[in-house]
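Each chain, written out:
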Amino acid sequence: FRAALSFALDRRSIVEHVLQGGQMPAENLVPPYLFDPEIRQERLSFETHREARALLAQCEPFAEPLVLNYRNDGMNAAIAQSVQSQWESVLGIKVVLEAIETATYNQRIAKEEYQ
């Protein structure tokens, strides 16, 4: 399920249209350029979207809507809205956004209180 959510995201779109700061899209836990500056792994969105839908089809049914918590500071609301839109359009799942204070967000993460 988490892989389907990941494949459904167009990180380049988020970087270019939401953040607009020239950042490199995060495609791995560790940026590949830390090991080899020539590495630039870019995949076309239709390929990853097809993979995302195939992965989701293999999952057990889940209770919709999916709740996405985010800290209510900085660009997080705009990023969350972009993620919500992409998951809904690519995977057809309902996503509800929940903005929370940073301290509450950090407490929930520490206690593993998230969906």
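Quick note: structure is the one above.
Asks: Please give an account of the pairing of strand β1 (residues 66–71) that cites residues and values.
Replies: In this structure, β1 lies alongside strand β2 (residues 95–100), joined through six bridges in parallel fashion. Across the sheet, the residue bridging to N69 is E98, located in β2. Where the polypeptide runs from β1 across helix α4 (residues 76–91) and back to β2, its parallel neighbour, the crossover connection is right-handed.

Asks: Report on the pattern of salt bridges, specifying residues and quantitative values.
Replies: One pass over the full model with this rule turns up three salt bridges. E16 is the partner of R12 in a salt bridge, and the nearest nitrogen-oxygen pair spans 3.9 Å. Of this pair, R12 and E16 both sit in helix α2 (residues 11–19), four residues apart, which is roughly one turn of that helix. Residue classification places R12 among the partly exposed residues on the basis of a relative accessible area of 28%. In this structure, E98 engages R108 in a salt bridge whose closest nitrogen and oxygen atoms are separated by 3.3 Å. Of the two residues, E98 sits in strand β2 while R108 sits in helix α5 (residues 102–110), which places them ten residues apart along the sequence.

Parameters at a glance
Residues numbered from 1 in each chain as written. Predicted model: local features only at pLDDT ≥ 70, side-chain atom pairs only at ≥ 80, totals over all residues. Heavy atoms only, no water. Pairing = 2+ DSSP bridges. Helix = DSSP H or I, 4+ residues; strand = E, 2+ residues; numbered from the N terminus. Right-handed = clockwise from strand over helix to strand, strands pointing away. Salt bridge = Lys/Arg side-chain N within 4 Å of Asp/Glu carboxyl O. Buried < 20%, exposed > 50% of the residue type's maximum accessible area, 1.4 Å probe, protein only.

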